[in-house]
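The lines below spell out each chain.
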Amino acid sequence: MNAPTLPPKPRLKTSAMIASIAAAGQKTKPAPFGHALVALARERPEIVGLTADLAKYTDLHIFAQAFPDRFYQMGMAEQVLMSAAAGMAREGSIPFATTYAVFASRRAYDFICMAIAEENLPVRIVCALPGLTTGYGPSHQATDDLAIMRAMPNLTVLDPCDAHEIEQATAAMVDHPGPVYMRLLRGQVPLVLDEYGYTFEMGKAALLRDGADALVVSSGLMTMRALEAAKALEADRVDVAVLHVPTIKPLDEAAILREAGRTGRKVYVAENHSVVGGLGEAVAGLLMRSGVHPAFAQIALPDRFLDAGALPTLHDRYGISTDAVVRRIRDGL
Amino acid sequence: MTAPQPGHNLDLPARAHAIRRTALQMGAVQGQGYIAQALDVADILAVAYFHAMTLRPEDPHWEGRDRFYLSIGHYAIALYAALIEAGIVPREEIETYGGDDSRLPMSGMATYTPGMEITGGSLGHGLPIAIGACLGLKRKNSSAFVYNLLSDGELDEGSTWEAALAGAHHKLDNLIAIVDVNNQQADGPSGDVLRTEPLVDKWRAFGWFTQRVDGNDIDALVTAFDAARRHDRPEPRIIICDTLMGRGVPFLEAREKNHFIRVDEHEWDQALLQLDAALPR
């Protein structure tokens, strides 16, 4: 019996876990964290790398190849990954521990909290797949990591935007006195901020462009989107300022209050994270406490477990694509 | 302590007695404390601090010291007693135990107390931190050991077994784990709460040099600690110690077993009297 002939299916977009967030034709740099760490490690013998079976997927394999005797594979065991990093820091090493953001924040929280943060040890936790940067589904989408990590005393929380900033933040972390959690974009990482004459500074926000009609306060890849949206809105004669806030904690309160306090501009906080507990609520709390009350809106992921699918589809669906940001700002005027 | 002298072990029963006595005095200050655990672990601490470990009491952070990681924070009362006996914490501080602004809080915390290396209390942390410390010490070519005192209840935690794998995989021959098996945890006898036996078979299967001894037999402990330090294969070491809660105070040994054994106000003095009566002369 002949099998019935099926009509050809339309080709679907991929939901591959390692899809790049770079847009077609966007300028990129490969593995900025891995290469930056190798350069730093040449100067600083105390730097060691640890991972929980994700070296290749956090760009730490580049360090492992360059310094095999300073690389520690802990297996798929995030609790011992974090605690062992704490133990190495106690003995004078500068550990960079990598995994995915979901696993660090959800599986290893007590270990980061008690072994690392409570004793203020200089462990650098560098985590790939922050927010919605994989279409693989809720098991790998760290839409809640900033909320979780922000709640931890002593922990500095970073959400860099692009390859340029990841390199600089990696260097800035080396001698930072306490623990740091950094969200990582890995693989082919977009290169954007080099054109803005920007230099990362721990704890500092930076006004990347000024504008009279609206202010976007953003972190991580949403700064990239905000800058693209601002350019697109120029055509509509809408003048959008972008304040980039790569250090989520401690917040650069002075810069945020200065920019949000300018009259006549609605404030949007844009982040690659749930509306709960991330940069948006941090900024909202700051403004409320400080008596600065501009019109305010969040551009963030919904408080839901998100769908699996292709990243461009999902970013559009959940309102963090450039087009979605443009629509939100235009509609809010 | 540094370079044990011949006959050094003769002091150990007296050291263990002093640790028990000091722990009871601290318990009396607050009218509470994990005293039954302190009494059961005193012999282990006496052998660790006064036979096995290299220390400089006047310099608790001396780089060459052996590290002692107490993951079971509620055993702090016992470790404080050992630190007082070792001269690391002044004896006068007994009176502050568990009080406001004391350096001797009820649960062990690294930033509070000289000689308290890690913050315990959330169980299953000590052995994973020790893994990293052993790796870090090897990077420095240090010959120091890391001792981790854990409890049988702590073997319920998955992180302990992550560390068991890591210790063997990374060939940490500078790691000595000590398990206080008193067969009691918060909800009842450990064997009823979650069966972890057979412990020797499990740890051997994980690749550890494993010994099991009577944790209240000082001679057996000395032999086991010596063997753990001198073992010449690149394996982590573990000493599983069976102990008796309340050891040394007969009415507490006989009391119904509980994770937290009540001692009434008038019983603290009685406990000290019974302890002293049993002191070998």
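Residues numbered from 1 in each chain as written. Chains lettered and ligands numbered in written order. Predicted model: local features only at pLDDT ≥ 70, side-chain atom pairs only at ≥ 80, totals over all residues. Heavy atoms only, no water.

Asks: Tell me about helix α12 (residues 322–332) of chain A, and please be specific about residues and values.
Replies: Turning to α12(A), its buried residues number three or more, namely A:T322, A:A324, A:V325, A:V326 and A:I329. Looking at the packing, one finds that the buried side of α12(A) touches β10 (214–218), α8 (221–234), β11 (240–244), β13 (266–274), β14 (296–301) and α11 (311–317) of chain A. (Buried < 20%, exposed > 50% of the residue type's maximum accessible area, 1.4 Å probe, protein only. Helix = DSSP H or I, 4+ residues; strand = E, 2+ residues; numbered from the N terminus. Contact = heavy atoms within 4.5 Å.)

Asks: I'd love a proper account of the interface of chain B and chain A, names of residues and values included.
Replies: Each partner contributes to the interface: chain B provides 29 residues, whereas chain A provides 24 residues. For the pair chain B and chain A, the two sides together bury roughly 2000 Å², of which 56% comes from carbon and sulfur. Across the chain B-chain A interface, the total number found is two salt bridges. A:E91 is paired through a salt bridge with B:K140; the nearest N and O atoms lie 2.7 Å apart. Joining chain B to chain A, the criterion identifies 14 residue pairs in polar contact (both at pLDDT 80 or more). Of all the elements in the fold, those that place two or more residues in the side of chain B that touches chain A are β1 (67–70), α4 (126–139) and α5 (158–169) of chain B. If you tally residues by element for the side of chain B that touches chain A, the top one is α4(B), at nine residues. Residues belonging to the side of chain B that touches chain A are distributed by class as follows: twelve nonpolar, eleven polar and six charged. (Buried area = accessible area lost by both parts, 1.4 Å probe. Salt bridge = Lys/Arg side-chain N within 4 Å of Asp/Glu carboxyl O. Polar contact = N/O pair within 3.5 Å; in protein donor to acceptor, adjacent residues only side chain to side chain. Nonpolar A, V, L, I, M, F, W, Y, C, P; charged D, E, K, R; others polar.)

Asks: Help me get a handle on the environment of A:P32, residues and values and all.
Replies: All names here are of chain A. Assignment of secondary structure puts P32 in helix α1 (residues 32–43). Considering only alpha carbons, one finds P32 and A310, 278 residues apart in sequence, at a separation of 24 Å. Dropping the residues within four chain positions of it, P32 is found in contact with D59, A163, I166, E167, G187 and V189.

Asks: Give me the sheet that holds β11(A): which residues, what numbers.
Replies: All names here are of chain A. Reading across the sheet, the five strands line up as β9-β11-β10-β13-β14 and stay open at both edges, with mixed pairing between neighbours. Strands with a single pairing partner mark the edges of an open sheet, and in this sheet they are β9 (206–209) and β14. The average angle at which neighbouring strand axes cross in this sheet is 25°, direction not considered. Where β10 and β13 come together, five bridges link them in parallel fashion. (Pairing = 2+ DSSP bridges. Axes fitted to C-alpha atoms, helices over the stretch in contact; angles between N-to-C directions.)

Asks: For helix α9 (residues 253–260) of chain A, give the residues involved together with the corresponding values.
Replies: Residue and element names in this part refer to chain A. Buried within α9 are the following residues: A255, I256, E259 and A260. Angular distribution of buried residues about the axis of α9 spans 115°; they occupy a single face of the element. Facing away from the buried surface of α9 by more than 90 degrees, the exposed residues are A254 and R258. The inward-facing, buried residues of α9 abut β9, β10, β11, β13 and α10 (279–290). (Arc of directions from axis to C-beta.)

Asks: Give me empty space enclosed by the protein: which residues, what numbers.
Replies: In total, this model carries two cavities of 30 Å³ or more according to the counting rule given. Estimates place the volume of the largest cavity at around 80 Å³. Lining the largest cavity are B:Y49, B:M53, B:L55, B:P60, B:R65, B:D66, B:F68, B:I88, B:G115 and B:E117. Residue composition of the lining of the largest cavity, grouped by class: six nonpolar, one polar and three charged. Put simply, the second largest cavity is a space of about 40 Å³. Residue lining of the second largest cavity: A:P130, A:D159, A:P160, A:R183, A:L185, A:G220, A:L221 and A:N272, and that is the complete set. Taken domain by domain, the lining of the second largest cavity gets at least three of its residues from each of domain 1 (28–190) and domain 2 (203–332) of chain A. (1 Å grid on protein atoms, 1.4 Å probe; cavity = no way out; pocket = protein on both sides within 12 Å on 5 of 7 lines; lining within 4 Å. Points joined across faces, edges and corners; volume = space filled by probe spheres on them. Domains from an automatic or database assignment.)

Asks: Outline the nonpolar core, supporting the account with residue identities and numerical values.
Replies: One recurring pattern in soluble globular proteins is that nonpolar side chains are buried together. A:M82, B:I131 and B:W203 are the most contacted members of the largest nonpolar core, which totals 151 residues. Taken domain by domain, this core gets at least three of its residues from each of domain 1 (28–190) and domain 2 (203–332) of chain A. If we ignore the near neighbours within four places in the chain, the residues touching B:I131 are A:M74, A:V80, A:A84, B:A163, B:A166, B:G167, B:L172 and B:L175. By size, the runner-up hydrophobic cluster in this structure holds 66 residues, among which are B:I35, B:I77, B:Y80 and B:L221. (Core = buried A, V, L, I, M, F, W, Y, C linked by side-chain atoms within 4.5 Å.)

Asks: Any chance you could break down the packing of aromatic side chains for me, citing the residues and the numbers?
Replies: To describe a pair of aromatic rings, one takes the distance between the centres and the angle between the planes. Residues and elements named next belong to chain B. Counted by the stated rule, this structure contains eleven aromatic pairs over all chains. Relative to F68, the ring of Y49 lies with its centre 5.2 Å away and its plane at 55°, an arrangement referred to as tilted. Of this pair, Y49 sits in helix α2 (residues 35–52) while F68 is found in strand β1, placing the two residues 19 residues apart along the sequence. Exposure remark for Y49: the relative accessible area of 2% places this residue in the buried category. Relative accessible area serves as the criterion here: at 1%, F68 is assigned to the buried category. A ring pair is formed by F145 and Y147, whose centres lie 6.2 Å apart and whose planes are at 55°; its orientation type is tilted. Judged by its relative accessible area of 14%, F145 falls in the buried class. (Phe/Tyr/Trp six-rings, centres within 6.5 Å; stacked < 30°, edge-to-face > 60°.)

Asks: Please provide a residue-by-residue account of the sheet that holds strand β12 (residues 247–249) of chain A, values included.
Replies: All names here are of chain A. Strands sit in the order β3-β2-β4-β5-β7-β6-β12 across an open sheet of seven strands; the sheet is mixed. The open sheet has two edge strands with one neighbour each: β3 (71–73) and β12. Across the sheet, the axes of successive neighbouring strands diverge by a mean angle of 20°, strand direction being ignored. The pairing of strand β2 (residues 47–51) with β3 spans three bridges and is classified as parallel. The residue of β3 that forms the bridge with G49 is F71. Those strands touched by helix α3 (residues 78–90) are β2, β3, β4 (94–100) and β5 (124–128), and its axis lies near 170° from that of β4.

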